[in-house]
Each structure stands twice: as structure tokens, then as C-alpha cells.
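# Chain and residue survey
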Amino acid sequence: MSDTIKLIRESNGIAVIQLSNPPLNVVSRELTLQLAQVLKQIESDPQIRVVIVTGEGSRAFCAGADIKEFAELVKAGTVIVDKLAIENYVYDMLDKLPIPTIAAINGIALGGGAELALCCDIRVMEEQTQIGFPECKLGVFPGSGGTQRLPQLIGEARAKELMYIGDSIDAETAFRMGLINRIAPEGKALEAAMELALTISLRSGVAMKCIKQAVDHGLLAGTAAGQSKSLELSEIVFKSEDIYEGIAAFYGKRSANFKHR
């Protein structure tokens, strides 16, 4: 089995997941299963503080499903059990990683590729590329979490329009909608994502994990439950050594009133 996913460990606790199924880095069953293994490695490695997901080459971040494989599974009547169920499980693994994640969209992101990008906390997209959900043009619909994650990002009406029409949008439009966080020059998505990841990696790892957990819990369970969870997580933060190091760094010295007891 060839490697369709590469895990590259950078300095400062940054790891890059590279989709390596060129030229379009399509989502095959093999790629999905390998992604699951890589995500398990990352979750068990306390040295990794930030994860970047990107595609190999410059043509595509991920152009969606492997159409040949998809057609064979549809014909066999196993597309749900052998593809979509697995993708939903693995995409959830990425979404639920306890550390910050960034999608470096260095080429087209379509269908399942766009849905994969939605699983990341932050999206950086190159100015010349496009993102979209063209499934309806094939008589299907986004079946790997897009119908749930996209409305949370850009609102119900805009999400439905993108999925109903199926046309791709450019980086500027995606930015205005709130679908992506930053626009990078052509060829610079990974570089921009690395700069952002480096900044995040220098922050308190405990605080980053608690922020992500609190936000995600509130989105799932509602504001009241989210606030209750935030208080619970604050206990963890205020008992962490990171708070004393952070205060010392911020003020230039450790306050006598803030000694770790």
C-alpha cells in the first residue's frame, strides 16, 4: 500500500499532514484509513502542539472523492459502509483533535476536500484557488460532514446556496463569507500557515486545548452549557504552571504576589 498521507514533524511542536495522492490528492478509501493512523499518532504525541493539513503539489489541496472508486462502490451498493461512514469517522477525528489545526489550502478544495478543510480550526487559502461543494451536480450531496459544519461557519442561507448551486467560489468570496480566515499569495499557503502555527505554538498549550474544548462544547451543547464548561476548564488553566510562566513573560518578571504555591 502506497503512502497517500505523509506526516512531517517540524520544529516548535508543529506537524504537517500532507495529502499525497497526486495530482489531485483525491480522497480514496486508502487515504482515509492512512489519515486515521496519522491522527492517532498525533493524538498520542504530547510534543505536537499545532497541526497543519495541506496537499502535495500546487494544483490541489484535495479535489474530493476518487471518482472511479466512488462509482465502483455505488455500483456495489457499499458506498455508505465502505466510504462515507469511514470518512465521517476519520473527519471527526481531525475535528476533535484537542490541539489547534490549520488547513493550508494550496490548490482547489472540492467536495470531500472542502469538507476536510472544514474540520480544521483555521483555514488559510491561496488567492488564485477555489473551494466548493459540487456534489449536487453529480446527483449526490456533501456526505462527510459538510451539511453540518458549513452552516456553523457561514450561516444556514449561504451554506444552502453553496450546496444547492454547486459552483466553486474564489478566495476573496470565501473570506467575505467567513469560510476562510486568511488569504495567502499564490504558492504561499503553507508558509502562511506555518507562521500562524508558530505563533500559536508559543502560547500556553494548556490554554490552547482549553479554548478549543470550551468553544467546541458550547457550539454543540449551547451557550449555558458552554459557560459551565468554561468554568470547569478555568480550574485546569489556573492550576497549570503555564499561567505563572505567562505572567512572568508578560510583565518581565514574576510578581511576588503570583508565586506558584
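Residues numbered from 1 in each chain as written. Predicted model: local features only at pLDDT ≥ 70, side-chain atom pairs only at ≥ 80, totals over all residues. Heavy atoms only, no water.

### Regarding the pattern of salt bridges
In the structure shown here, the tally under the stated rule is ten salt bridges. Put simply, Asp45 and Arg9 hold a salt bridge, and the shortest N to O gap is 3.4 Å. Placement of Asp45 in the loop between α1 (29–43) and β3 (50–55) and of Arg9 in strand β1 (residues 5–9) is noted, with a sequence separation of 36 residues between them. Overall, Arg9 belongs to the partly exposed group, its relative accessible area being 46%. For Glu87, the salt bridge identified is with Lys83, shortest N-O distance 2.4 Å. Residue Glu87 and its partner Lys83 are located together in helix α3 (residues 79–95), separated by four residues, close to a single helical turn. (Salt bridge = Lys/Arg side-chain N within 4 Å of Asp/Glu carboxyl O. Helix = DSSP H or I, 4+ residues; strand = E, 2+ residues; numbered from the N terminus. Buried < 20%, exposed > 50% of the residue type's maximum accessible area, 1.4 Å probe, protein only.)

### Focus on the nonpolar core
Ranked by internal contacts, the top residues of the largest apolar core, which has 46 residues, are Ile17, Ile131, Leu150 and Leu179. With six residues, the single largest contributor to this core is α1. Beyond its immediate chain neighbours, meaning those up to four positions away, Leu179 contacts Leu118, Arg123, Ile131, Leu150, Leu153, Ile154, Ile169 and Ala174. The next biggest cluster of nonpolar side chains, apart from the first, holds 16 residues, and it includes Val16, Ile102, Ala184 and Ala197. (Core = buried A, V, L, I, M, F, W, Y, C linked by side-chain atoms within 4.5 Å. Contact = heavy atoms within 4.5 Å.)

### Some remarks on the sheet that holds strand β5 (residues 101–105)
One open sheet accounts for six strands, arranged β1-β2-β3-β5-β7-β10; its pairing is mixed. With partners counted over all chains shown, the strands left at the sheet margins are β1 and β10 (182–184), one partner each. In this sheet, neighbouring strand axes are inclined to one another by 20° on average, regardless of whether the strands run parallel or antiparallel. Direction of pairing for β3 relative to β5: parallel, over a ladder of four bridges. Its bridge partner lying in β5, Thr54 is registered against Ala104. Across the sheet, α1 is in contact with β1, β2 (14–19) and β3; its angle to β1 comes to roughly 25°. (Pairing = 2+ DSSP bridges. Axes fitted to C-alpha atoms, helices over the stretch in contact; angles between N-to-C directions.)

### Re the sheet that holds strand β6 (residues 108–110)
With respect to topology, four strands assemble into an open sheet ordered β4-β6-β8-β9, the strand pairing being mixed. Sheet topology places β4 (60–62) and β9 (169–170) at the edges, where each strand pairs with a single neighbour. Note that strand β8 (residues 130–132) and β9 share two bridges and pair antiparallel. When the sheet's bridge partners are listed, Gln130 is paired in β9 with Asp170.

### Concerning the confidence of the model for the protein
Overall, the predicted model of the protein reaches an average pLDDT of 90, with 91% of residues at or above 70. Taken together, the stretch residues 253–261 has pLDDT below 50 and engages in eleven contacts with residues farther than four places along the chain or on a different chain. (pLDDT = per-residue confidence, 0-100.)

### Examining the environment of Leu24
Mapped onto the elements, Leu24 comes out in the loop between β2 and α1. Taking relative accessible area as the criterion, Leu24 reaches 26% and is therefore assigned partly exposed. Sequence spacing of Leu24 and Gly113 is 89 residues, and the spatial spacing of their C-alpha atoms is 9.9 Å. When sequence neighbours within four positions are dropped, the list of residues in contact with Leu24 reads Arg59, Ala60, Cys62, Ala63 and Ile108.

### Things to note about the side chain of Thr101
Looking at the secondary structure, you find Thr101 in strand β5. Of the residues examined, Thr101 reaches a relative accessible area of 0% and is grouped as buried. In this structure, Thr101 is in contact with Val51, Leu94, Cys119, Cys120, Asp121, Ile122 and Lys212, ignoring residues within four places of it in sequence.

### Let's talk about the pairing of β3
Counting buried positions over the six residues of β3 gives six, a clear majority of the element. Taking every second residue as pointing to the same face, both faces of β3 are buried, with Val50, Ile52 and Thr54 on one and Val51, Val53 and Gly55 on the other. In this sheet, β3 lies alongside β2 in parallel orientation, the contact comprising six bridges. Bridge pairing in β3 links Gln18 to Thr54. In terms of handedness, the path from β2 via α1 over to β3 forms a crossover that is right-handed. (Right-handed = clockwise from strand over helix to strand, strands pointing away.)

### Let's talk about unusual backbone geometry
Between Pro22 and Pro23 the backbone carries a cis peptide bond, its omega angle lying at 5°. Of note, Pro23 is situated in the loop between β2 and α1. Residues other than glycine seldom take positive phi values, yet Asn12 does so here, at roughly 60°. Along the polypeptide, Asn12 turns up in the loop between β1 and β2. Positive phi is not limited to glycine here, since Asn25 has a value of about 50°. One can find Asn25 in the loop between β2 and α1. Here Asn25 falls in the buried class, since its relative accessible area comes to 0%.

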